[in-house]
Structures are given as structure tokens and as C-alpha cells.
Amino acid sequence: MTIAVLAQSLLALDNVWLALGLKLGLIVVFFLTAPLAVGYMEHKVMAHMQDRLGPMEAGLGPIKHGVGQLVADGVKFIQKEDIIPTAADKWVFSWAPAVSLVPVLVILVVVPFGPGVWAENLDAGIFFALAVSSVGVLGILMAAWSSANKYSLMGGIRAAAQLIAYELPLVLAAAAVVLQAGTLSLVGIVEAQNEFRLLGAIPVPYAVPHVIGFGMFYVAALAELSRPPFDMPIADSEIIFGHMTEYSGLRYAFFMLSEYAGMVVLSALATVLFLGGWYPWPGVPLPDGALGALLGFGVTMGKIIALTFVMVWLRATFPRLREDQLQRMSWLILIPLALLNIVVVAVAKVML
Amino acid sequence: MTDLETMTTERGQGLLPGGPGEGMLVEVRGEGELTTQDMNLNIGPQHPATHGVLRVVIDLDGEKIRRAQPIIGYMHRGFEKLAEARDYRQIMALVNRHDWLSAFNNELGVAIAVERMMELEVPDRAQWIRVLMAEWNRILNHLMFVGSFGLELGAITPVFFAFREREDIQHLMESATGGRLHFSYARVGGLKEDLPRGFLAASAQMTKNVRVRNAEYRDLLQGNEIFVARTRGVGPLPRDVAASYGVTGPTLQATGVPEDSRVTEPYEKYGEIDVKVPVGTNGDSYDRFMVLLDRIDASCDIIDHVLDNITSGPVKTNLPKVVKAPEGAIYVRTENPLGQCGYYLVSDGKKNPWRLKMRTPSFNNIAAMPYLLDGALLSDMIAILGSVFFVVGDVDR
Amino acid sequence: MTPTSSASVAAGAGTSRMEADALAEFLRERLGEAVQDVSITFGQLTVTLEPASLPEAARLCRDAPELDFDFYDHNAGVDLGEEGFAVVTHLYSLSHGHHVMLRVVAPGGREAPKVPTLTHLWRGADWHEREVYDMFGIDFEGHPGLLPRILTVTNFEGFPLRKDFLLSTREAKPWPGLKEPKEVGTDGDGSAPEAPTAGGRSSEEGADATAAQAPVSAEEKAQASQIRAERARAKAAAMRAQKAAEKEAAQAATSEEAVAAGMAGSDDEPDAQAAAAEKTTGGDTAGEGAAAVAAAAGEPEPQTPGGAADIARSDIAKDAAAGAVGGDTAAGAPGDRPGTEQPVHDPESEAKVGEGAPPAPSGAPGVEAEGRHGGAERQGTDAPPAPSYGERSYPPDEEEERPAPSDTLDEVIHFERGQAPRAPGAAPPDKAVPDDDEDAGPGDER
């Protein structure tokens, strides 16, 4: 309740800078807590899928069951020694985690979580989000190159190829949605979905007509995050940990945070683009005011959690694709499909 | 070919420290401004994928391996020398430990060697129980590799399921032998003691469980397209190359050769059991893995057969006070889970062996590594290492 | 689609399998003079060939269709002592199913053994020959590269599996199993403790419990163990009596020595003993170990029954009924050295001699390397015998049968410093006495 009230009052504040500052503050808070929740879910869900229990001992107060595991991990990372290999390029090595982390934070500025619950509604929202996410790739390459470690280098080479290859399906799938909605603004896309009726009558989110696009966006998101089955850059049974091999302590925590936060962010984007955003179902209105904002936020979070659950499920199930198979899948299968998708959407939008 | 290349031998000795051509092999290709260099990468000795301290020095062109040379000896403990300083009953504890995942099978091999030299008759019940324990050990070993193979490819779930089975079976073995890994159960002339009450019933139940779970592993891995894509066609080993290297076990059977010591030279009660020997077609990683799963099923069948036919009676024989094997030499080969493990025992009539040569399956299997890795991708190397089942202690002794 | 098929192959695959004598005939026929010897043991054929003809013979084995030895199994080196080294190559035929072992005695004796290589015929020969080189130093002519050494480290000196390369642990302390069972414990009791091997128990059991080899009930087992325990206790009591008598004599002797040498002089006693030791062993500071090696390598007869019986008795008292490893006798027991008359340790006499005197040099520190830790030396005179195997319950019901942990630890510490362990229950040595500075005994290896 307080969040919604706060959000509303923020919008009503006169001082633009104060409002912005508070919104960014909230974003940072969300950015720091959501990965904890997702990480905990990953521990427990993967554990139960593997016929074991997962963290049970670390707890917060009276609740055990491992809820405090990631908090404990954070504390552990903070107090670790900061090691920079002698042969590493110090400046690049030090800044790589930040370069990898900040873009994810920045994307959150444009993502709408509920009616009125967003930091900034840019007119070029989706464009901004995808452009900024590409900067994160640079962080990985910086880390790999500067580590003075052949395994990191291998990881970096693989990452470079993979991330570039999977940018295209990501962008093209989003482009199809933009074409459908007629606006680049994320809030506009959600509103457009609310009004969308398939064949003039059936209210469905964009995931239904764009089912191929949704699949592609999701798969490309997995590859962008280097999540299994696309975790060749990190392949921990081959190249130890890829670009993150030489990192320890807080820098390593930043990389991990960027991965989990990235999961949340890309799931949020997928929700907004394909699953109808904060509307429970297109055409189902939310109550006005603070309650509506809160419910909208809850609906969005529910969809995000469902998508991240599937990401964790895929991690527990599949071995990793070899990088040439990965590349083949992207260039020979996903991109042609994406282009086809755009053509079909364009034709359908004009004709129907 | 540059001069540097001609200087190094076929085995790529330029890569190895201490070799005649020490130093990094650099093969410079291309002309003009764009020249490329091979990267010399050291996989191991500490590495998650090498099943222990195996070091593979590879020469990489991008992701393709141009040349690979395994370097062993990091775990050499001098078992053969130690065996010369122990008597025939003490070497039982030694041979438990070179291939620690197939401990009982090793003990069995040595016990048979000594018994044949001394011309001892092992009682019937002891033979049946030995077969039973050997097969359980085989299942334990195979389950380990089923799990770890998936783990190396990135499928992190089957290993937990496999280890759950392993725990149950190890509990069973512990009830009879007292050990979970090093059993020390076989003795010259029979066994240490009889089985505990309820062991046979528990065995029967456990084979049912294992069969059910084996079907699950098949679903989880054989039905997984990514797994199939990672392993099919990876590291094929032709039959004649395998024979030339002396490769045995699932690796050889995957190439299409139904060579199994339990069938060709039966020992203990294997002559009375119908042992199924699964074979593959082209010896790639997929075939090796599938042979493993089939061998688990075959072992369950053997165990069931033993449970139906086991006799009662003594399990030990009267040994003389001092166990001395007569002068001579004998070579005994048994089918261990990883391959054929042989013991060449030379005796000079004293209490301790004059020479005990352990012909371990993993040594020959790893010798084939340069052939398998030539031209493979780095990720394929992981699949190949995981599928040529070996234990480093077995390679180095 | 599963690529595997089950092939239940009958035993003795292939009708074209040749028996050992047929193989021998064939090879003799084809190779003629090259075959020096043929031996068929346990159904296995070993053909001793002339070294120079090995590659040709191997090629024949591989290429002749009746033989078809396409499978290279292994290659073993054997140290033949004076003759030099032999290399035995084992080949197998996958299609026929027969084996052969090609044996070659390397010319060049022990200094420069050389054998032609077989790497051009089978790929597996590569690593096996490297291993034989590494272990024995046999040079394989024509091998693409025997170095770097395959199993040992690159700068390793020597060739481990040669018989003249001694195991360092065996140098420090000889193998206890060199002693035959009947040489231990001359107490007139018919059933002397068994050989110190793991299987020793089975023979004992086999001898006296033949009927019990069938699955016995718990009561019978308990009864049998009860009987064993009682026998052990009786034996222990007999030994105790004997030892007490001997100790009287020994005490009389040492107290005389101590009085003669002067009690204040802390170095005299060990000097006298060390001098005695040096005289007999030749002054090796490795002392006890070398002496024991010399003694045991030669004729290990127990010179002083008391000394050997000391250990034997304490061991018996502790472990006989449990059927565990028996007397740890050859391990540098001072009693074995001819000419010295020291008890293994003598806490009473030590206490008698006085605090200023250093402890009597006990057995070699290497003793505890194998066998019991310090417990071998511990006088079991006052402690009750350990419960027998059948009776033992885990955790044991009677607490007092085990020494307190601190006692044992102190014993080990004292023992490792070369001092005699004190008897259980005795007071710890006064810490004011600088134990470490004292001559810790000839067995000090540090």
C-alpha cells in the first residue's frame, strides 16, 4: 500500500528532481531485492527438481528454510579480499563488472510495473531498453580480455559471438510487437495490448498472435543472459567460469547480480511486450487509484516470476548447447523466423 | 609447414616440459598482415572435467584441437612396488584402491590369480556371492559415470538422481562388507564372511529400483535433443584403432566388438549365467553412454540370476598358515566396470609376489585420447573425456 | 532407436581359437630358431624369443590370419635378478579369442637393457613401453620418444621397479611378514599367534572351527569367542608370570649397571648402551632401523626370548583373542640384536634409576609406522585383556578397558621423542626435566 501511495504522491510532486530521485531510489531498491527473491527461488526450485532440499539453514529470524542464504552470500562477498591478478589490465578489470551491471539497472527506468508505476515513460522505450542492454555485452568482453587467463579468453570469445548472434532475434521479435502496437513506448504497448482483439473479437495478449515471436524473444533472452542451455560462455565444467574466472568478492557478486537482475529485467520486458503488462487479461480493467496500482504491480510481478521459474526449470533440465550448434540455431533458424514473423505481422495488421 | 613443426614429433613433444623439444608449439599460418597462432592450453591437472588429476595439453586453433597429449602420473603411487613388499593376502587392500570405483572387481581379480596359482577351490556359495558383489559394484561404477557425464555436458540434474541410487546401493554393500567404497571383502579362497541376513531380499528390491531409475535416465538423457546433439558423432573410435590401443570395456563395446571377459573367458560362476553384452555401432560418445545404460540393465539381470541360483555352504577355505604361491607366472583378466583389468603375477615361491603387474583398463583407454581428440572442438573434448570412462588412480596406479 | 543390441556370445568365442599347444607349434614352425623357450602354465602360453627377432615375430602374430593378434593388451617388465630384465608382451586376438605372451630377456644385463620396440605394429605399445622404461630403465630401440617419463616426475632419479631400488619405508623398517609364525612366542603353548597378515585369522578359524563354517547361530558364535577369550587370558597370564620372572633378572642386571656407571651422569647409560649398539650394528645412526634390517634380513631368531616375548606377550594380551594382527616382532625390537640385553622398555627400572637418568632407548621410532602406535611397546601387564571379537559391543560397555585418551596421546608423544612410553596410570614425567635436549636414542630420525 505504501508503495502505491508513495508512487502516486511522487507523480504529484512538483519538484521534478526530487520525484526523479525518489523514483530512482525505488528502482535501486527493487533492483537489489528482486534478484534475491529470484535467486532464492532458483536455489529451492532447482533443488526440489533434483530431489533434494536446497538451503535450509540460513534464515532470517525465526524463518529458516534458507531465506537468508543470499543475504549471507552478499555479506560473504562483501568481506572477501579483492584480488586482481598481477598480469591483468587493472583499470579494465576493475570496471568490467560495473559496465555489466549498470545497464540492467538503467533498463528498469523505462519498464512499467503497473498503472502509473514507472520511473519514466520514454517515447522510445523499447528502443532505449534494447540499446542499453547491448552495452552489457561490453562488460563481459572487458572482463574476459583483461583477465590474463586463457580460460577467460575462451569464455569471452564465445560470449562475444553468442551475444551478438542473439541480439538480432531479440530485437526483431520486439520489432514485430512494436509493429503490432504502433508505438515504441512500453506503456503504450501495454495499453495497446489491452485494446487488442484478435480477429476483432477475442481479447488476448500479444503472446497468442506472436507465439513464435514470444518463443524467440524468450530464447534470445536466455542466450543474452548466458543462462543454460546457452551458458557456453560460462560453461563451468569446461572453462571453469568463463569471463568470471578471475573475479572474487564484490566484483564477482556484481556479475552474479547482473545475471539475476537481468533475468528479472528481461522477463519484465517479455511481460510488457507479450503478456499484457499489468492487466490481468486484456480488457479486464483494474480499479483506479492506489489499489489499482498495487494490483497491477502484483500482476506484473506474478508474470515475471512465472517466466523466471521457466528459466530455472530450463537450467535444471537441459545440457548446454555447443557453441557452433548455438550459432547455427541463431543464424539459420531464429533470424529467418524472426524476419518471417515481421512480414506476417505486417501483412496481418494491414489486412485484418 | 614451418620449421618448428618439423622439429616436433608426432606426439607433439614440443608441448611438454622436459621433453626433447621443450617450449610452446607455435604454428604460424597465414601470410601478410593476418597471421594466426595456435593457443597452447593446459587442461588440468586440476579441472572439473578431467575426473581427477589428468592433464591434457592441447594445441588450439580457435576452438578446434589440433593436437592433444595427455600427461599422466600425477597420481602414481607405486602400487606395483608396494605389492612386492606385501604378502598375497595383503595386496587385496592395495588393489582396492587403484580403481576405487570398482574395488571389489579388482579384489576379485587378484584373488582369482592367487587361487589359480595355488590351485585352490573356492566354495560355490563364495563364487555366487562374488558374482553378486561384482555386479553391484559394476552398477555403482556405471551410475557414477552416468551422473558425471551429464554434469560435464551441463545437465546438472541426473547426477543427483544417480547418486541417490548410489547411496542406496552403497548402504547395501556396507551392510555386507563394512565399506562404502573400498570393500576389502574378497579373500584368497573365498570371502571375508558370509552375507548378513536380509541382504538377498534387499538386493532383489534394489534391482527393481535400479531398473526403474535406469528407465528414467534414459528418458532424461537419451530423449534430450541437446544431449544427443552433443554426443552423437563425437569422438568416434574405429574398431581396429581400439584394438590396436588395447581399449576395453564399454569403450570397446561401443565400437561394435562384443568383447567381454565374463563371456569369452568366464570366471567364477559367469559360465552359468547368460551375460548380455551390449554393443554400439560407431563408437562415438553417444554409443559409449548408451552401452553404459545397457550394461546397468544387464547387471541387474545377472544379479537376479544369482539371487535365484545362489547355494548355501561355506564361504571360506582353509588356507595354510603361510600363503605361498608356487613359482611361476599367471595372467588373469576380469571384466571390470571400466574395462578389462588384468593382473600379471610372477611368483618366486615366497610369501610375497615377485612382480605384480596391474594391467588397468583406464591406462589403455586414455592412451587412445590423442586419437580421439584430434580435430575435436573444445566442448567435444569434454564430451569425449566424459565418455571414455576412466579413473585417474587406475591410469597411474 | 537404440544402437545397442545384446549379443550373448558363447564361451570360447570363435571356432578358430587355437589352444596353447597348437599356438606353440605354429609359432615354432614359423619362427624356428627365434623361439628359445615355450612354456605353458595354467593354460597360458609364454614364448621366450630371441630379442632381435621380436619385431618380426610380433608382426607374424599380428598379420597371420590364423593368429590375428590385433589386440595389444599390455607389456610388463620383470626383474630377473642377475640375468637382467625380461619384457613380456601380452597379445590377444579379438576374433579368435586366443592369447599369447611374447617374452624377451633384454640383452645388456642390468646396466643397459635394450629391447626393440613394437610401436610400429600396435599403437598401444607406445605408452606401455614408456612405462616399462620408466619403471625399469629398459631402452626400447626405435620408440618415438620414451621421455618425458610417463608415471614418475620428470627429474626422477632411478628406476623404481628394479629390485635394487629400495622402498624407503622398508629401509626404515623391514616387513613384519618376513618372520614366519612359528618363530614368534616360544611359550610352549601349542597355538602360537598367527602370521601378521590379514588372512591369518581364517586359517585359525578354519583349523578349529571347521564345523562352524556353515552359518552359525549367535549363541555358538558367542560361545566360541568366549572359549577363545579364556584361552587368550590363560596364555596372557602364563606370559605375565614368565615375564615377571625375567624382569627380576633384568632389573638385577640393569641396577647393577646403573650403580656401576654412576647414577648422576646422565649420559653414561645411553652412552654405554649406544656404544654397545654401535659395536654390534656398526655405528649407523639410523641405528635401530638398520640393525633391524640386518637382523631380520639375516636369521631373525629371537636372541633374547625376553625381548621378543615382551612384545609378543603384550600383543597377545591385547589382541590375541580379537584375532587381529599378531606379534609385531621384527620391527627393530632390541631384543633381536645379538649381544644387547636391554628390555624393550622398563618403566619400573626407569623410575628406579632416577629422574636424572634419561629414558632407556626404546625400540626404533619407525616401529609405529606399521602395526600398533606405541601400543606395541605398552606393557599390558596390568591392563585387562581387550574384549574378544565376538563379545565386543559398540560402544563397549565397560569403560575401564580402554585407556583414557590423554594417556595414549602422551604415550605417543613420548614415544615419538624416542623416549619410553610410561605405563598406563603412571605419572607423566616431570616437565622440569628437559626431555627434548636429551639424547633421544639411536632411533632418532629427525
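In this text the structure is predicted, and so the values were computed from the model without any measurement.

*Asks:* What exactly am I supposed to notice about the overall build of chain C here?
*Replies:* The number of helices and strands found in chain C is 11 helices and eight strands. Considering chain C as a whole, with its 446 residues, one finds that 43% of them fall into the buried category. Contacts spanning at least 24 positions in sequence make up 66% of the contacts within chain C whose residues lie at least 6 apart.

*Asks:* Can you walk me through the overall build of chain A in this structure?
*Replies:* Counting its secondary structure elements, chain A contains 11 helices and zero strands. Expected size for 352 residues packed as a compact globule is a radius of gyration near 20 Å; at 21 Å, chain A falls within 12% of this value. Principal-axis analysis of the C-alpha atoms places the extent of chain A at approximately 60 × 50 × 45 Å. Split into buried and exposed, the 352 residues of chain A put 47% on the buried side. In chain A, the proportion of contacts linking residues at least 24 apart, taken out of those at least 6 apart, comes to 77%.

*Asks:* I keep staring at the interface of chain B and chain A and nothing clicks. Help me out?
*Replies:* In many analyses, interface size is given as the accessible surface area lost on bringing the parts together. Taken together, the contact pairs 25 residues of chain B with 21 residues of chain A. Elements supplying a minimum of two residues to the side of chain B that touches chain A: strand S3 (39–43), helix H5 (124–153), helix H6 (158–177), helix H8 (225–231) and helix H15 (378–387) of chain B. Grouping the constituent residues of the side of chain B that touches chain A by class yields 16 nonpolar, five polar and four charged.

*Asks:* In this structure, what is going on with the sheet that holds strand S11 (residues 355–359) of chain B? I would like to understand it.
*Replies:* Either a parallel or an antiparallel arrangement is found when strands of a sheet pair, and the pairing is made through backbone hydrogen bonds. Residues and elements named next belong to chain B. Within the open sheet, the three strands sit side by side as S9-S10-S11. Their pairing is antiparallel. The open sheet is flanked by strand S9 (328–336) and S11, the only strands paired with a single partner. Looking at each pair of strands side by side, their axes are set apart by 15° on average, direction ignored. Two elements, S9 and strand S10 (residues 339–347), share nine bridges in a ladder whose sense is antiparallel. Bridge pairing in S10 links Val-332 to Tyr-343.

*Asks:* Which parts of the structure should I look at to understand unusual backbone geometry?
*Replies:* For residues besides glycine, phi is generally negative; the peptide bonds are generally trans as well. All names here are of chain A. Put simply, Pro-228 and Pro-229 share a cis peptide bond, and its omega is 0°. Inspection of the secondary structure assignment puts Pro-229 in the loop between helix H8 (211–224) and helix H9 (249–274). Its identity is not glycine, yet Asp-51 carries a phi of approximately 65°, on the positive side. Take Asp-51: it is sitting in the loop between helix H2 (16–49) and helix H3 (69–78). With 11 C-beta atoms counted inside 10 Å, the residue Asp-51 sits in the exposed group.

*Asks:* Teacher, can you tell me more about the sheet that holds strand S5 (residues 64–71) of chain B here?
*Replies:* Residues and elements named next belong to chain B. Taking strand neighbours across the sheet as the criterion, the three strands line up as S3-S4-S5 in an open arrangement whose pairing is antiparallel. Two strands bound the open sheet, and with one partner strand each, they are S3 and S5. Strand-to-strand twist of the sheet, defined as the mean angle between neighbouring strand axes without regard to direction, takes the value 20°.

*Asks:* How should the pairing of strand S3 (residues 44–49) of chain C be read in this particular structure?
*Replies:* Remark: a regular strand shows side chains that alternate across the two faces of the sheet. Residue and element names in this part refer to chain C. Note that strand S2 (residues 35–41) and S3 share six bridges and pair antiparallel. If you follow Val-38 over to S3, its bridge partner there is Val-47. What sits between the antiparallel neighbours S2 and S3 is a turn of two residues, in which Phe-42 has the positive phi angle 50°.

*Asks:* Help me out: how do you make sense of the nonpolar core in this one?
*Replies:* Among soluble globular proteins, nonpolar side chains are generally buried collectively. In terms of nonpolar packing, the biggest core is built from 260 residues, with Val-111 and Phe-217 of chain A touching the most fellow members. Not counting residues within four places of it along the chain, the set of residues in contact with Phe-217 of chain A comprises Leu-170, Ala-173, Ala-174, Ala-270, Leu-273 and Phe-274 of chain A.

*Asks:* What's the story with the packing of helix H4 (residues 103–118) of chain B against H5 of chain B in this structure? I'm lost.
*Replies:* The relative placement of two packed helices is expressed as an angle between their axes plus a distance between the axes. All names here are of chain B. At a minimum axis separation of 7 Å, H4 and H5 run at an interaxial angle of 140°. Comparing their axes, H5 and H4 come out oblique. Within the contact between the two elements, H4 uses Ala-103, Phe-104, Asn-105 and Leu-108 and H5 uses Arg-130, Met-133, Ala-134 and Asn-137. Per-class residue counts for the contact of H4 with H5 are five nonpolar, two polar and one charged.

*Asks:* What is the right way to look at H2 of chain A in this model?
*Replies:* At 3.6 residues per turn, the α-helix brings residues three or four places apart onto the same side. Residues and elements named next belong to chain A. The end-to-end C-alpha distance of H2, which contains 34 residues, comes to 48 Å, matching closely the 50 Å that a straight helix rising 1.5 Å per residue would cover. Burial in H2 covers these residues: Lys-23, Phe-31, Ala-34, Pro-35, Val-38, Gly-39 and Glu-42. Directly after H2, the chain includes Asp-51, whose backbone phi takes a positive value near 65°.

*Asks:* Is there a simple way to think about the confidence of the model for chain C in this case?
*Replies:* Caution is warranted with low-pLDDT regions, since their predicted coordinates should not be read in detail. Residues and elements named next belong to chain C. Averaged over chain C, the pLDDT score is 62; the fraction of residues at 70 or greater is 44%. Segment residues 261–309 is flagged for pLDDT under 50; beyond a separation of four residues in sequence, or across chains, it makes 105 contacts in the model. Segment residues 319–383 is flagged for pLDDT under 50; beyond a separation of four residues in sequence, or across chains, it makes 214 contacts in the model. Of the two predicted TM-score estimates for the complex, the pTM is 0.72 and the ipTM is 0.87.

*Asks:* Sorry, what's going on with the packing of helix H5 (residues 125–146) of chain A against helix H6 (residues 150–181) of chain A here?
*Replies:* Residues and elements named next belong to chain A. At a minimum axis separation of 9 Å, H5 and H6 run at an interaxial angle of 175°. In terms of their interaxial angle, H5 and H6 are classed as roughly antiparallel. Listed contacts from H6 to Ile-126, Leu-130, Ser-134, Val-137, Ile-140, Leu-141, Ala-144 and Trp-145 of H5 are Ser-152, Leu-153, Gly-155, Gly-156, Ala-159, Ala-160, Leu-163, Glu-167, Leu-170, Val-171, Ala-174 and Val-178. When its residues are assigned to classes, the contact of H5 with H6 shows 15 nonpolar, four polar and one charged.

*Asks:* How should I be thinking about the environment of Thr-48 of chain C in this particular structure?
*Replies:* Residue and element names in this part refer to chain C. Note that Thr-48 resides in strand S3. A count of 18 C-beta atoms within 10 Å places Thr-48 in the partly exposed class. Sequence separation between Thr-48 and Glu-171 is 123 residues; the distance between their C-alpha atoms is 34 Å. With sequence-adjacent residues up to four places away left out, Thr-48 is seen in contact with Gln-36, Asp-37 and Arg-103.

*Asks:* So what exactly am I meant to see when it comes to the pairing of S11 of chain B here?
*Replies:* Residue and element names in this part refer to chain B. In terms of residue burial, S11 counts as a mostly covered element, since five of its five residues are buried. The two faces of S11 match: Arg-355, Lys-357 and Arg-359 on one face and Leu-356 and Met-358 on the other face are all buried. Bridging between S10 and S11 involves five bridges; their strand directions are antiparallel. Of the residues in S11, the one forming a bridge with Val-346 is Arg-355.

*Asks:* Got a minute to help me understand the environment of Leu-130 of chain A in this structure?
*Replies:* Residue and element names in this part refer to chain A. By the element assignment, Leu-130 lies in helix H5. Sequence separation between Leu-130 and Pro-103 is 27 residues, and the spatial gap between their C-alpha atoms is 10.0 Å. With near-sequence residues (within four places) excluded, Leu-130 lies in contact with Leu-170, Val-171 and Ala-174.

Reading the values: the criteria
- Residues numbered from 1 in each chain as written.
- Chains lettered and ligands numbered in written order.
- Predicted model: local features only at pLDDT ≥ 70, side-chain atom pairs only at ≥ 80, totals over all residues.
- Helix = DSSP H or I, 4+ residues; strand = E, 2+ residues; numbered from the N terminus.
- Buried ≥ 20, exposed ≤ 12 C-beta atoms within 10 Å, placed from the backbone.
- Contact = placed C-beta atoms within 7 Å.
- Rg over C-alpha atoms; globule rule 2.2 N^0.38 Å.
- Nonpolar A, V, L, I, M, F, W, Y, C, P; charged D, E, K, R; others polar.
- Pairing = 2+ DSSP bridges.
- Axes fitted to C-alpha atoms, helices over the stretch in contact; angles between N-to-C directions.
- Core = buried A, V, L, I, M, F, W, Y, C linked by C-beta atoms within 7 Å.
- Parallel < 35°, antiparallel > 145°, perpendicular 65-115°, else oblique.
- Expected span 1.5 Å × (residues − 1).
- pLDDT = per-residue confidence, 0-100.

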